[in-house]
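Each chain, letter by letter, is given below.
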Number of protein chains: 2
Amino acid sequence: MVLNGRTRGTVSAANQKKVLDAAAELGYTRSAVAMSLRERRTRTIGLISDEIATSPWAGRMVRAASMAAAERGYMMITADLSLPELTLEEAVKVLSERQVDGLLYGAMGRTRLAAPGVPAGTPLVLMNCEEGDQSAPAPRTEHSPPAVIPDDRQGARRAARRLLDVGHRRVVMLSGDDTAVATREREEGFVEEVAAAGLAPRVVRAGWQMDDGYRATTALLAQDEPPTALFCIRDRVAAGAIHAAAVAGLAVPQDLSVIGYDDEDFFAEVLTPPLTTIALPHEEMGRHAMDTLLDLVERSAPAPAPGLTVAECPLVERASVAAPPRG
Amino acid sequence: MVLNGRTRGTVSAANQKKVLDAAAELGYTRSAVAMSLRERRTRTIGLISDEIATSPWAGRMVRAASMAAAERGYMMITADLSLPELTLEEAVKVLSERQVDGLLYGAMGRTRLAAPGVPAGTPLVLMNCEEGDQSAPAPRTEHSPPAVIPDDRQGARRAARRLLDVGHRRVVMLSGDDTAVATREREEGFVEEVAAAGLAPRVVRAGWQMDDGYRATTALLAQDEPPTALFCIRDRVAAGAIHAAAVAGLAVPQDLSVIGYDDEDFFAEVLTPPLTTIALPHEEMGRHAMDTLLDLVERSAPAPAPGLTVAECPLVERASVAAPPRG
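Residues numbered from 1 in each chain as written. Chains lettered and ligands numbered in written order. Predicted model: local features only at pLDDT ≥ 70, side-chain atom pairs only at ≥ 80, totals over all residues. Heavy atoms only, no water.

- If you look chain A up in an unreviewed UniProt entry, it shows as LacI family transcriptional regulator from Brachybacterium saurashtrense.

Written out as structure tokens, the structure reads:
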């Protein structure tokens, strides 16, 4: 009672002190697990990630989820599937053995997957991913776990629209060299928006890293009718594109406009020039996923699960887009 | 016994299946905590970090620690001090309530600190930090927690040596604009090595981000006797320096050599040109810290604690350093 602060006047101050001193000396701490026997919760959430937790890409999503959990008195335990020999099944098992109240599956890059089987009564929420395979999402049923994904298609349309609005007509997308969901949706959004403006969309399969952007841009700028604007699938690719322009003697945005995707922390805003980009709603996804999960954990009676949430990717205006050069 | 796989022929296969089926239907999972009542361990390690776990900088250190833990059957729980209102004391408390077997304190950037008080019997290891304050490390005693830090001074000497060895005499360090331990030790190492070669060391306080490197380099290249080589306090700063050189019409490394620090994943190797740099031994520090901690957790009798480990920062040779231009 003393350790839990529930003495209600039944224990003298002197005796309370004795108990606390003895506990300190013995190194005793309250057990959240023992306390949870009454409230039947450990106030611990398991995060299963495909490398998300220790990768540089989606840290702010994990951070937002972690903050949302902390605000409601929960902690996160992480199982990282990039660890050797840790399968999805094994991750569910090691987290369940630690009596987690709920499970969050978070993807580093947006993806589709077969949701893991979880112990009955353990809620599951998918973050930056949904059920399905590369070709299509799975039809949602009442048993589908809640999921939150970014609106990559709309984000890409927004990027293309920004370039078209200031007068660009020779616009190229530097895309990924893979068939990931994000790659395809961003390509589709770009193509739709450019085609709707009556122009022929051009997509170059470059890759996802800085040197991919550098190489693709160097090749494009050597062509007879080089683009006046680039939409890059990621801020990292945009950084390579801006550097390639400098090496070719072109200024961004006066000679070439560049727009990125992600709004990566400590990156987009410290490029020269600061990068105009489309933001991935990492904070929003992390917070929404955790709040949805905790709502499921804390409600006493079953209720219809929330469905699929599609988070907007807004335009972040900085200094890498301008009207095309004359001539 | 069935659930723990300890039937030793006393339970028929049919009855084993009944138990397993019933457990599955009820959503029952083994409790690691209940199991730990016998072995008196939860096989869970608490990581207290100052933003490390969700920052892009030191992810591979956390990953290495996590892998070392997994190999020995342990999991990590993380408390991130960058969460609002989570003090160091509170972090120790929430982790201890979850009955962790040991605590790891990990710093995102190298630092010195007052080690947190921990419950008696709970081992503590410091990762990328040591006891002390900005001016000096605290004298080590038998009660000092084991710690692992990088050898920033030696790493910086190595960088300067690399530039001097190929003939550079106008060498400038782009340093941080703060008084962090890493900033001072890298500066000191650089100054020592350049002075030992009979040259006057030049240090510019630029900052830690890409735009800091860009601005400082642009200013340096406009001087009468611009440097022929730059040692940058971080790969990010080096990226800004390389871009500034391109805008000024200079090629790296033909006109200007650039060497970085960190060997940041997905960054140094995909710059154009690929960056010669000094690697922070993140994997080594993460693995060493966790192994040291688990050795303390698992040994039954007290023994002298391991002391301070200083991990080497090796040179990673790529393509951004060459002999100075003639003339």
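### Some details on the overall build of chain A
Then, number 1: Helices and strands together make up the secondary structure of chain A, namely nine helices and 13 strands.
Then, number 2: The buried share among the 327 residues of chain A stands at 53%.
Then, number 3: Carbon and sulfur atoms make up 53% of the accessible area of chain A, which totals about 13800 Å². (Helix = DSSP H or I, 4+ residues; strand = E, 2+ residues; numbered from the N terminus. Buried < 20%, exposed > 50% of the residue type's maximum accessible area, 1.4 Å probe, protein only. Areas by Shrake-Rupley, 256 points an atom, 1.4 Å probe, with all protein chains shown as cover.)

### Some details on the sheet that holds strand 13 (residues 315–316) of chain A
Residue and element names in this part refer to chain A.
Then, number 1: Strand order in this open sheet of six strands is 8-7-9-10-11-13, and the pairing throughout is mixed. In this open sheet, the two strands that pair with only one neighbour each are strand 8 (202–205) and strand 13.
Then, number 2: Note: strand 11 (residues 276–279) against strand 13, two bridges, orientation antiparallel. Within the sheet, the bridge partner assigned to Thr277 lies in strand 13 and is Val316.
Then, number 3: Along the sheet, helix 8 (residues 235–247) makes contact with strand 7 (171–175), strand 9 (229–232), strand 10 (257–262) and strand 11, crossing strand 10 at roughly 155°. (Pairing = 2+ DSSP bridges. Contact = heavy atoms within 4.5 Å. Axes fitted to C-alpha atoms, helices over the stretch in contact; angles between N-to-C directions.)

### A word on the sheet that holds strand 8 (residues 202–205) of chain B
Residues and elements named next belong to chain B.
Then, number 1: One open sheet holds the six strands; their spatial order is 8-7-9-10-11-13, and the pairing between them is mixed. Only two strands of the sheet have a single neighbouring strand rather than two, namely strand 8 and strand 13 (315–316).
Then, number 2: Alignment of strand 7 (residues 171–175) against strand 9 (residues 229–232), held across four bridges, turns out to be parallel. Within the sheet, the bridge partner assigned to Met173 lies in strand 9 and is Phe231.
Then, number 3: Sitting on the sheet, helix 7 (residues 210–221) touches strand 7, strand 8 and strand 9, and the angle it makes with strand 7 is about 150°.

### A few points about the packing of aromatic side chains
All names here are of chain A.
Then, number 1: Throughout the structure, instances matching the rule amount to four aromatic pairs over all chains.
Then, number 2: An aromatic cluster is built from Phe190, Phe231 and Tyr261, whose rings are joined through pairwise contacts.
Then, number 3: It is Arg186 that lies over the ring of Tyr261; its NZ or CZ is 3.8 Å from the centre. (Phe/Tyr/Trp six-rings, centres within 6.5 Å; stacked < 30°, edge-to-face > 60°. Lys NZ or Arg CZ within 6 Å of the ring centre and 35° of its normal.)

### Remarks on the environment of Arg153(B)
Residue and element names in this part refer to chain B.
Then, number 1: Structurally, the position occupied by Arg153 is in helix 5 (residues 152–165).
Then, number 2: Sequence separation of Arg153 and Glu187 is 34 residues, and the distance between their C-alpha atoms is 7.6 Å.
Then, number 3: Dropping the residues within four chain positions of it, Arg153 is found in contact with Glu185, Glu188, Gly189 and Glu192.
Then, number 4: A polar atom in the side chain of Arg153 sits 2.7 Å from the side chain of Glu188. (Polar contact = N/O pair within 3.5 Å; in protein donor to acceptor, adjacent residues only side chain to side chain.)

### Points about the pattern of salt bridges
Two side chains bearing opposite charge may form a pair once their charged atoms approach each other closely.
Then, number 1: Summed over the entire model, instances satisfying the criterion amount to 52 salt bridges over all chains.
Then, number 2: Between Asp212(B) and Arg215(B) there is a salt bridge, and its shortest N-O distance comes to 3.0 Å. Here the residue Asp212(B) and the residue Arg215(B) both occupy positions in helix 7, the gap between them amounting to three residues, near one helical turn.
Then, number 3: Judged by its relative accessible area of 14%, Asp212(B) is buried.
Then, number 4: Residues joined in a network through salt bridges with shared partners are Arg110(A), Arg112(A), Glu130(A), Asp152(A), Glu185(A), Arg186(A) and Asp262(A). (Salt bridge = Lys/Arg side-chain N within 4 Å of Asp/Glu carboxyl O.)

### Regarding the environment of Leu103(A)
Residues and elements named next belong to chain A.
Then, number 1: If you trace the backbone, Leu103 turns up in strand 3 (residues 102–113).
Then, number 2: Its relative accessible area of 0% is what places Leu103 among the buried residues.
Then, number 3: As a C-alpha pair, Leu103 and Met76 span 27 residues in sequence and 9.4 Å in three-dimensional space.

### Regarding the pairing of strand 10 (residues 257–262) of chain B
Two faces belong to every sheet, and in a regular strand the side chains alternate between them.
Residue and element names in this part refer to chain B.
Then, number 1: Taking burial as the measure, the six residues of strand 10 include six buried ones, the bulk of the element.
Then, number 2: With three bridges connecting them, strand 9 and strand 10 associate as parallel partners. Its bridge partner lying in strand 10, Ala229 is registered against Ser257.
Then, number 3: Note that the unit made of strand 9, helix 8 (residues 235–247) and strand 10 has a crossover that is right-handed. (Right-handed = clockwise from strand over helix to strand, strands pointing away.)

### Notes on the environment of Phe267(A)
Then, number 1: The topology assignment puts Phe267(A) in the loop between strand 10 and strand 11.
Then, number 2: Among the residues examined, Phe267(A) registers a relative accessible area of 0% and is labelled buried.
Then, number 3: A sequence separation of 28 residues divides Phe267(A) from Ala239(A), and the C-alpha atoms of the two residues are 8.9 Å apart.
Then, number 4: Apart from the residues within four sequence positions on either side, Phe267(A) is in contact with Met210(A), Asp235(A), Arg236(A), Ala239(A), Met210(B), Arg236(B) and Phe267(B).

### A closer look at the packing of helix 3 (residues 59–71) of chain B against helix 9 (residues 282–298) of chain B
Relative orientation and spacing of two packed helices are given, respectively, by the angle between their axes and the distance between those axes.
Residue and element names in this part refer to chain B.
Then, number 1: For the pair helix 3 and helix 9, interaxial distance at closest approach is 7 Å and the crossing angle is 35°. Relative to helix 9, the crossing made by helix 3 is right-handed. Mapping the contact onto sequence places Arg60, Met61, Ala64, Ala65, Met67, Ala68, Ala69 and Glu71 in helix 3 and His282, Glu283, Met285, Gly286, Arg287, Met290, Asp291 and Leu294 in helix 9.
Then, number 2: Looking at the contact of helix 3 with helix 9, its residues break down into nine nonpolar, two polar and five charged. (Left-handed = near helix turned anticlockwise from the far one by under 90°. Nonpolar A, V, L, I, M, F, W, Y, C, P; charged D, E, K, R; others polar.)

### Concerning helix 9 (residues 282–298) of chain A
Then, number 1: The first and last C-alpha atoms of helix 9 of chain A sit 24 Å apart over 17 residues, in line with the 24 Å expected at 1.5 Å per residue.
Then, number 2: For helix 9 of chain A, the complete set of buried residues consists of His282(A), Met285(A), Gly286(A), Ala289(A), Met290(A), Thr292(A), Leu293(A), Leu294(A), Leu296(A) and Val297(A). (Expected span 1.5 Å × (residues − 1).)

### Section: the nonpolar core
Then, number 1: In terms of nonpolar packing, the biggest core is built from 84 residues, with Leu174(A), Phe231(A), Leu174(B) and Phe231(B) touching the most fellow members.
Then, number 2: Met75(A), Leu95(A), Leu124(A) and Cys129(A) belong to the second-largest nonpolar core, a separate cluster that totals 41 residues. (Core = buried A, V, L, I, M, F, W, Y, C linked by side-chain atoms within 4.5 Å.)

### Observations regarding unusual backbone geometry
All names here are of chain A.
Then, number 1: Cis geometry is found at the peptide bond from Val252 to Pro253, where omega equals 10°.
Then, number 2: With respect to the helices and strands, the residue Pro253 is situated in the loop between helix 8 and strand 10.
Then, number 3: With a phi close to 60°, Gln99 is a non-glycine residue in the positive phi region.
Then, number 4: Counting through the fold element by element, Gln99 comes out in the loop between helix 4 (88–97) and strand 3.
Then, number 5: Exposure remark for Gln99: the relative accessible area of 26% places this residue in the partly exposed category.

### Focus on the side chain of Asp212(A)
Then, number 1: Of the polar contacts made by the side chain of Asp212(A), one reaches the backbone nitrogen of Gln209(A); its length is 2.9 Å.
Then, number 2: Not counting chain neighbours up to four residues away, the residues in contact with Asp212(A) comprise Ala206(A) and Gly207(A).

### Remarks on the packing of helix 8 of chain A against helix 8 of chain B
Then, number 1: Put simply, helix 8 of chain A and helix 8 of chain B touch, their axes get as near as 7 Å, and they point 30° apart. Compared by their axis directions, helix 8 of chain A and helix 8 of chain B come out roughly parallel. The way helix 8 of chain A lies across helix 8 of chain B gives a crossing that is left-handed. Counted together, Arg236(A), Ile242(A), His243(A), Ala246(A) and Val247(A) of helix 8 of chain A and Arg236(B), Ile242(B), His243(B), Ala246(B) and Val247(B) of helix 8 of chain B form the full contact between these two elements.
Then, number 2: Across the contact of helix 8 of chain A with helix 8 of chain B, the residue classes break down as six nonpolar, two polar and two charged. (Parallel < 35°, antiparallel > 145°, perpendicular 65-115°, else oblique.)

### What to know about the side chain of Thr217(A)
Then, number 1: Along the chain, the position of Thr217(A) falls in helix 7 (residues 210–221).
Then, number 2: Excluding its chain neighbours within four sequence positions, the residues that come into contact with Thr217(A) are Leu174(A), Leu230(A), Ala241(A), Ala244(A) and Leu256(A).

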